[in-house]
Amino acid sequence: MKITKFYFLLFTAVSLSFAAKAQTADDIIGKYVDAIGGKDKINQIKSVYTDATVSVMGMDGPATTTLLVGKGYRTELEVNNTKVVQVLTDKGGWMINPYAGATDPTPMPDDEYQGGKDQILLGGSLLNYKAKGYTAELLPKDGNNYPIKVTAGKNVATYYIDATTWLLNKITATATAQGQTTDVSETYSNYQKTDFGYLAPFKVDVDLGQVQLSYVAKSVTVNKDIDPKVFDMPAK
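In short, a report on the structure. The numbering scheme is per chain: residues are counted from 1 as the chain's sequence reads. Whole-chain, interface and lining totals are the exception, using all residues; otherwise, since this is a predicted model, local features are given only for residues with pLDDT of at least 70 and side-chain atom pairs are given and counted only at 80 or more. Hydrogens and waters are ignored; side-chain quantities use all the structure's heavy atoms.

**Concerning the overall build of the protein chain**
- Elements are defined by DSSP. Helices are runs of H or I of four residues or more, strands are runs of E of two residues or more, and each kind is numbered from the N terminus. Across its full length, the protein chain carries four helices and 13 strands.
- Residues counted as buried form 39% of the 236 residues belonging to the protein chain.
- A separation of at least 24 residues holds for 39% of the contacts in the protein chain among residues at least 6 apart in sequence.
- All accessible-area figures derive from a Shrake-Rupley calculation using a 1.4 Å probe, and residue coverage is judged against the displayed protein chains alone. When the accessible area of the protein chain is evaluated, it comes to approximately 13700 Å², of which 54% is carbon and sulfur surface. Under the scheme applied here, a residue whose accessible area is under 20% of the maximum for its type counts as buried, over 50% as exposed, and between as partly exposed, the area being computed with a 1.4 Å probe on protein chains only. For this analysis, residues touch if any pair of their heavy atoms sits within 4.5 Å.

What follows is the structure, given as structure tokens:
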């Protein structure tokens, strides 16, 4: 009986081990999609508009982000009477950033555009990664997170999905700006359900190395009518 019980326990342990290893990146991504509203709901989202407050180095100011899925992404913030605008479209990008010497609308360098262009897509590089020609690899579990490394051409980002809530906790990547590369991380928290039924993070903390920003959303509006002209670069 003892021998039989021993083999039963051994078989059970081995079975559980293989079951744990059988989880794939697609399994984890699927649970994440379900957690934020489900595939059908996500596929109905055409735009997302966020009205927020941004905090930078002890200073606060208004901020907005406008996403027209597959067409354009615009983020705008104002701190200490200085406005910063960044726009990405399916064709290119531009910015106004006095802190970087761009006081007038300026085309975005190609390396910066290539690194951020997936922001025009809901879920960035992660959702529907295969259709975009990307690859996703499930890495060894990190604490209570499942890290998924997504390779999109030269761009590599790691998405950390909570093993309990199945929500996205963090993204880490390497970004290029003004010819220099830096490690970037975004941490997501305070998820709230929108009127549309889509679960969105109402707090995003961004670490750019030398600069840290914190966005706190006041409202997130799904499928608001967006004029595509807001993504056009104005004449100087």
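Anyway, onward from the coordinates.
**Some thoughts on the packing of aromatic side chains**
- Ring geometry is summarised as follows: Phe, Tyr and Trp rings, the Trp one being its six-membered ring, pair when their centres sit within 6.5 Å, and such pairs are stacked at plane angles under 30 degrees, edge-to-face over 60 and tilted between the two. If you walk through the whole model with that rule in mind, you get one aromatic pair.
- For the ring pair tyrosine 146 and tryptophan 166, a centre distance of 5.8 Å and an interplane angle of 5 degrees mean the geometry is stacked. Of this pair, tyrosine 146 sits in strand S8 (residues 145–152) while tryptophan 166 is found in the loop between strand S9 (155–162) and strand S10 (168–177), placing the two residues 20 residues apart along the sequence.
- Judged by relative accessible area, which is 14%, tyrosine 146 ranks as buried.
- You can call tryptophan 166 buried: its relative accessible area is 19%.
- Directly above the ring of tyrosine 160 sits lysine 170, whose terminal nitrogen or CZ lies 4.7 Å from the centroid. In our convention, an over-ring charge means Lys NZ or Arg CZ found within 6 Å of a ring centre and within 35 degrees of that ring's normal.

**What about unusual backbone geometry?**
- A positive phi angle, near 65 degrees, is found at tryptophan 166, a position not held by glycine.
- A positive phi is found at asparagine 190, a non-glycine position, where the angle reads about 50 degrees.
- Its place among the elements puts asparagine 190 in strand S11 (residues 180–193).

**Let's talk about the layout of surface pockets**
- Cavity: a set of points on a 1 Å grid over the protein atoms alone where a 1.4 Å probe fits but cannot get out. Pocket: an open set with protein on both sides within 12 Å along at least five of seven lines, its lining residues, like those of a cavity, having an atom within 4 Å of a point. Grid points are joined across faces, edges and corners, and a volume is the space filled by probe spheres set on the points. Looking at the second largest pocket, its volume works out to about 440 Å³.
- Taken together, 18 residues line the second largest pocket, and the ones lying closest to its centre are Val33, Ile42, Asn43, Leu127 and Asn128.
- Looking at the lining of the second largest pocket element by element, the count peaks at four residues for helix H2 (residues 25–35).
- By residue class, the composition of the lining of the second largest pocket is ten nonpolar, three polar and five charged. Charged means Asp, Glu, Lys or Arg here, nonpolar means Ala, Val, Leu, Ile, Met, Phe, Trp, Tyr, Cys or Pro, and polar covers whatever is left, Gly included.

**Thoughts on the pattern of salt bridges**
- What makes a salt bridge here is a side-chain nitrogen of Lys or Arg within 4 Å of a carboxyl oxygen of Asp or Glu, nothing more. Inspection of the entire model under this criterion finds seven salt bridges.
- Lysine 91 is paired through a salt bridge with aspartate 90; the nearest N and O atoms lie 3.6 Å apart.
- Residue class for lysine 91 comes out exposed when judged on its relative accessible area of 73%.
- By relative accessible area, aspartate 90 is classed as partly exposed at 38%.
- For lysine 149, the salt bridge is made with glutamate 137, and the minimal N-O distance between the two is 3.6 Å. Of this pair, lysine 149 sits in strand S8 while glutamate 137 sits in strand S7 (residues 135–138), placing them twelve residues apart in sequence.
- A relative accessible area of 29% places lysine 149 in the partly exposed class.
- Judged by its relative accessible area of 40%, glutamate 137 falls in the partly exposed class.
- Look at the salt bridges and you will find they share partners, linking Arg74, Glu76 and Lys83 into a network.

**Describing H2**
- By the burial criterion, the buried members of H2 are Ala25, Ile28, Ile29, Tyr32 and Val33. Along H2, the residues classed as buried sweep out an arc of 140 degrees about the axis, all on the same side.
- Looking at the residues trailing H2, positive phi occurs at glycine 37, about 145 degrees. The arc in question is traced by the directions running from the helix axis to the C-beta atoms.

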